[in-house]
Amino acid sequence: MIDAVRTGLIAALDIVTPTTCAGCGRLDHVICADCGADLFGPARRVDQDAPLLRDGPPTWAAASYSGPVRDLVLAWKRGRRDVRPLVAEAAGALVDRWAALDGAAELGRRVAVVPAPSGWVRRARGLLVVAQLAEAVAATLAVARPGTVATVADVLRRPGTGHLAGLGVGARAASRTASALRVRPLPVADSWVLVDDVVTTGSTLRAAAGALAEASGREVTVAFALAATPPRSRRRGM
């Protein structure tokens, strides 16, 4: 009886607020097959496409931050819980593809997976989406290389810079420079792996990699992102 009532309530709720694909809006899909497939393409090196990341760590992304992927990522960042499992799976698949290139051999046994810093507003609201990605990356690294101990180290803090969405390259760089990241006590690790949600100019990852290197004396080995904004030349050709 209880199951029947629950089923009826869910059906009624679907009529009022039907499920739609987070990428394209198609009805009755959390993420449709077409939009989901965009998150599982070949792993892409994107550090040379990000103006502020060309002297930073090698950076890999799962998808291009455009079209339905952009809408899907925004829905996830704004707290849509039903897309979290697929996003985590996409992050893990990205690490698997990178590890297949023997990249995991560079990491050593103890790996600290560091999420890019979240602002205080996101922390207060519990929207630590990059930490979710970092957990998926750490779990996949541990499986991809047996014997590796990969743990999430949420050690970076960003004091009072606010959100950088919509700012140009110069404004982003100025914001990062004006407010250096704070590094909390670091765990013992053989290597650092950085994780972010979206790479645009590379300012966040560059600042994070610099802060970790300065605090530990060791450069970041690799960075992963769910998506990366296409270079301007590629966007004009789209």
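Residues numbered from 1 in each chain as written. Predicted model: local features only at pLDDT ≥ 70, side-chain atom pairs only at ≥ 80, totals over all residues. Heavy atoms only, no water.

1. Thoughts on the packing of aromatic side chains
- Taken as a whole and judged by the stated rule, the model has one aromatic pair.
- Residues tryptophan 98 and phenylalanine 224 carry aromatic rings whose centres are separated by 5.2 Å and whose planes lie at 80° to one another, so their mutual orientation is edge-to-face. Taken as a pair, tryptophan 98 in helix 4 (residues 84–99) and phenylalanine 224 in strand 8 (residues 220–228) lie far apart in primary sequence, 126 residues in all. Side by side, tryptophan 98 and phenylalanine 224 carry an identical accessibility label, which is buried. (Phe/Tyr/Trp six-rings, centres within 6.5 Å; stacked < 30°, edge-to-face > 60°. Helix = DSSP H or I, 4+ residues; strand = E, 2+ residues; numbered from the N terminus. Buried < 20%, exposed > 50% of the residue type's maximum accessible area, 1.4 Å probe, protein only.)

2. Here we look at the confidence of the model for the protein chain
- For the protein chain, the average pLDDT comes to 82, and 77% of its residues sit at 70 or higher.
- The least confident element of the protein chain is helix 1 (residues 2–16), whose mean pLDDT is 40; the most confident is strand 3 (residues 110–115), at 97.
- Here residues 5–17 is modelled with pLDDT under 50, and outside its nearest four sequence neighbours on either side it reaches two contacts, counting other chains as well.
- Here residues 169–179 scores under 50 on pLDDT; set against residues more than four positions off or in separate chains, the count is 20 contacts. (pLDDT = per-residue confidence, 0-100. Contact = heavy atoms within 4.5 Å.)

3. Considering the environment of leucine 94
- Tracing the chain through its elements places leucine 94 in helix 4.
- In this structure, the C-alpha to C-alpha distance between leucine 94 and glycine 41, residues 53 residues apart in sequence, is 8.7 Å.
- Those residues in contact with leucine 94, other than ones at most four positions away along the chain, are Ala43, Trp60, Ala61, Ala62, Phe224 and Ala225.

4. Some points on the pairing of strand 3
- Of all six residues in strand 3, five are buried; the element is thus mostly enclosed.
- With four bridges joining them, strand 3 and strand 4 (residues 149–152) adopt parallel strand pairing. For arginine 110, the partnering residue across the bridge sits in strand 4 and is valine 149.
- Relative to strand 7 (residues 191–199), strand 3 runs parallel, the two being bridged by five bridges. Bridge pairing in strand 7 places valine 111 opposite serine 191. (Pairing = 2+ DSSP bridges.)

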